[in-house]
Amino acid sequence: MTGPTSPAPRRSALLRTATAVAVAVPLCTAGWFGWRSLDHSGPAAATAAAQPAAAPPAGAASTGPAPATPQAPSTGGTTPGTPTATPAPTDTPASAATPQAPTGGADLAGRTVVLDPGHNPGNFSHPTEINRQVDVGNGHKECDTTGTETNAGYTEADYTLDVTRRARALLTARGAKVVMVQDGDRPWGPCVDERARAGADAHADVALSVHADGAPASGSGFHVIMPAKVVAGKADNSAIVEPSHRLGLLLRDRFHAATGEPYADYIADQGLDTRSDLGGLNLSAVPKVFIECGNMRNSADAGRMTDPQWRQLAAQGIADALGAFLTTH
């Protein structure tokens, strides 16, 4: 125990200390809330801005804002404790994006889908191989072609590969097994007859070939190509014509709903065409259609097709249609 202290001086000192604390604490609090109200980078800012600053106790003299607490020199980062906003990506690759399941949930377990990205980015370098003629049942056609491109040089082969990869992610999220006819993993091709066989080889329930058109620049819109009945040579697609037409109707409607792309105004009828000259349809043993997602030579269509966000919508429409085909009768 320390020695005795004179009572009067001690009481005076205590009163001065209490008054100083009473003024300093609320003023410091008000200063902190004022500073946080300028910080819009996270939830703390909204909370602070919504709460009024504490008022000084009755009888306390106003002395103005409390001195600002010294801050460390800025190094380009954020204030410690302040949440950092992460900017949204503008062009997330399909392989990195988190797939969103199409409407209907994860209900495709046990089903197999073949996706056929039209053409191949390497076809340009293999003219001899892709120009070789192959039998399509009722005639002969080139093994494959290079495809078209936009006026700015964005190729159909790059477009179809990107969209089918996005659709694969969506369908896989619903439980389907997805087989790609080519995934940028071969130097050229495959030929159209091999593409047609891919459905049977994979024991698939359905197949889809993704393309883009290279029509005159005045034409725009998308269309779906369905198989005509072909029984000739090694082709006999009788069994797949009716289910393929049902798939074609679903694909036209779901693609249009997802993307807003109009039906083609230069070919087909209400977005639907039926053809007997495509080996990929003549020789298929499983229900299959083609989709021409737009005209790459038309400036409006090209603008949409080069937009990765629109390509995600295109993939969504494709995945929705395939999911509906596999889960309805």
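Just above sits the structure.
Below is a short write-up of the structure. (Residues numbered from 1 in each chain as written. Predicted model: local features only at pLDDT ≥ 70, side-chain atom pairs only at ≥ 80, totals over all residues. Heavy atoms only, no water.)

1. Digging into the overall build of the protein chain
Argument step 1. Regarding its fold elements, the protein chain presents nine helices and ten strands.
Argument step 2. Scored against the burial criterion, the 329 residues of the protein chain give a buried share of 42%.
Argument step 3. The contacts in the protein chain between residues at least 6 apart in sequence include a share of 80% that link residues at least 24 apart.
Argument step 4. When the accessible area of the protein chain is evaluated, it comes to approximately 16800 Å², of which 57% is carbon and sulfur surface. (Helix = DSSP H or I, 4+ residues; strand = E, 2+ residues; numbered from the N terminus. Buried < 20%, exposed > 50% of the residue type's maximum accessible area, 1.4 Å probe, protein only. Contact = heavy atoms within 4.5 Å. Areas by Shrake-Rupley, 256 points an atom, 1.4 Å probe, with all protein chains shown as cover.)

2. So, helix α5 (residues 192-201)
Argument step 1. When we look at burial in α5, the residues that qualify are V192, D193, R195, A196, A198 and G199.
Argument step 2. Downstream of α5 by a residue or two, H203 has a phi angle that is positive, lying close to 55°.

3. Concerning the environment of C293
Argument step 1. Along the chain, C293 turns up in strand β10 (residues 288-295).
Argument step 2. Residue class for C293 comes out buried when judged on its relative accessible area of 0%.

4. What about helix α9 (residues 308-327)?
Argument step 1. Between the first and last C-alpha of α9 there are 28 Å, a value that for 20 residues agrees with the 28 Å anticipated at 1.5 Å per step.
Argument step 2. In terms of burial, α9 is a largely internal element, 16 of the 20 residues being buried.
Argument step 3. The N-capping residue of α9, defined by a side-chain oxygen 2.9 Å from the backbone nitrogen of Q309, is D307. (Expected span 1.5 Å × (residues − 1). Polar contact = N/O pair within 3.5 Å; in protein donor to acceptor, adjacent residues only side chain to side chain.)

5. What about the sheet that holds strand β6 (residues 223-227)?
Argument step 1. Read from one edge of the open sheet, six strands run β4-β1-β5-β10-β6-β9, paired in mixed fashion. Taken across any chain shown, the strands that pair with only one partner, and hence form the sheet edges, are β4 (177-180) and β9 (272-275). With strand direction ignored, the average angle separating the axes of adjacent strands in the sheet is 25°.
Argument step 2. Pairing analysis gives three bridges linking β6 to β10, with the strands arranged antiparallel. From the neighbouring strand, H223 faces β10, where its bridge partner is E292.
Argument step 3. Against the sheet, helix α4 (residues 156-173) engages β1 (112-117), β4, β5 (206-213) and β10, with an angle of about 145° to β5. (Pairing = 2+ DSSP bridges. Axes fitted to C-alpha atoms, helices over the stretch in contact; angles between N-to-C directions.)

6. Regarding the pattern of salt bridges
Argument step 1. Counted according to the given criterion, the structure contains 16 salt bridges.
Argument step 2. The closest approach of N and O atoms between D253 and R252, which form a salt bridge, is 3.0 Å.
Argument step 3. For R252, a relative accessible area of 14% translates into the label buried.
Argument step 4. Taken together, the shared-partner salt bridges in this structure form one network comprising D116, D144, R195 and K288. (Salt bridge = Lys/Arg side-chain N within 4 Å of Asp/Glu carboxyl O.)

7. Let's talk about the side chain of H119
Argument step 1. Inspection of the secondary structure assignment puts H119 in the loop between β1 and α3 (127-131).
Argument step 2. Within the structure, the side chain of H119 is placed 3.0 Å from the backbone oxygen of T145, a separation counted as a polar contact.
Argument step 3. Beyond its immediate chain neighbours, meaning those up to four positions away, H119 contacts D144, T145, T146, G147, E156, A157, Q182, G189, R195 and H211.

8. Considerations on the packing of aromatic side chains
Argument step 1. Taken as a whole, this structure holds three aromatic pairs when the rule is applied.
Argument step 2. Arranged with centres 4.8 Å apart and planes meeting at 50°, the rings of F222 and F255 form a pair that is tilted. One end of the pair, F222, is in the loop between β5 and β6; the other, F255, is in helix α6 (residues 238-259), with 33 residues separating them in the sequence. As far as the burial class goes, F222 and F255 line up, both buried.
Argument step 3. Measuring from centroid to centroid gives 5.8 Å for F222 and Y263, while their planes differ by 65°, and the two rings are edge-to-face. Taken as a pair, F222 in the loop between β5 and β6 and Y263 in the loop between α6 and β9 lie far apart in primary sequence, 41 residues in all.
Argument step 4. Given the relative accessible area of 0%, F222 is considered buried. (Phe/Tyr/Trp six-rings, centres within 6.5 Å; stacked < 30°, edge-to-face > 60°.)

9. What to know about unusual backbone geometry
Argument step 1. Residue P190 follows G189 across a cis peptide bond; omega there is 10°.
Argument step 2. Mapped onto the elements of the fold, P190 is located in the loop between β4 and α5.
Argument step 3. Here the phi dihedral of H203 falls at roughly 55°; this positive angle occurs in a residue that is not glycine.
Argument step 4. Of note in this structure, A268 is not a glycine but carries a positive phi near 70°.
Argument step 5. Its location among the elements puts A268 in the loop between α6 and β9.

10. Focus: the side chain of S284
Argument step 1. Mapped onto the elements of the fold, S284 is located in the loop between α7 (279-282) and β10.
Argument step 2. Taking relative accessible area as the criterion, S284 reaches 2% and is therefore assigned buried.
Argument step 3. A polar atom in the side chain of S284 sits 2.7 Å from the backbone oxygen of V286.

11. Notes on the packing of α6 against α9
Argument step 1. Here α6 crosses α9 at 145°, and the two axes come no closer than 8 Å. Relative to α9, α6 is oriented so that their crossing is right-handed. Between α6 and α9, the contacting residues are P243, R246, L247, L250, L251, R254, F255, A258 and T259 on the first element and W310, L313, A314, G317, I318, D320, A321, L322, A324 and F325 on the second.
Argument step 2. In terms of residue class, the contact of α6 with α9 is built from 14 nonpolar, two polar and three charged. (Left-handed = near helix turned anticlockwise from the far one by under 90°. Nonpolar A, V, L, I, M, F, W, Y, C, P; charged D, E, K, R; others polar.)

Everything listed here is a matter of geometry and, on its own, says nothing about what the molecule does.
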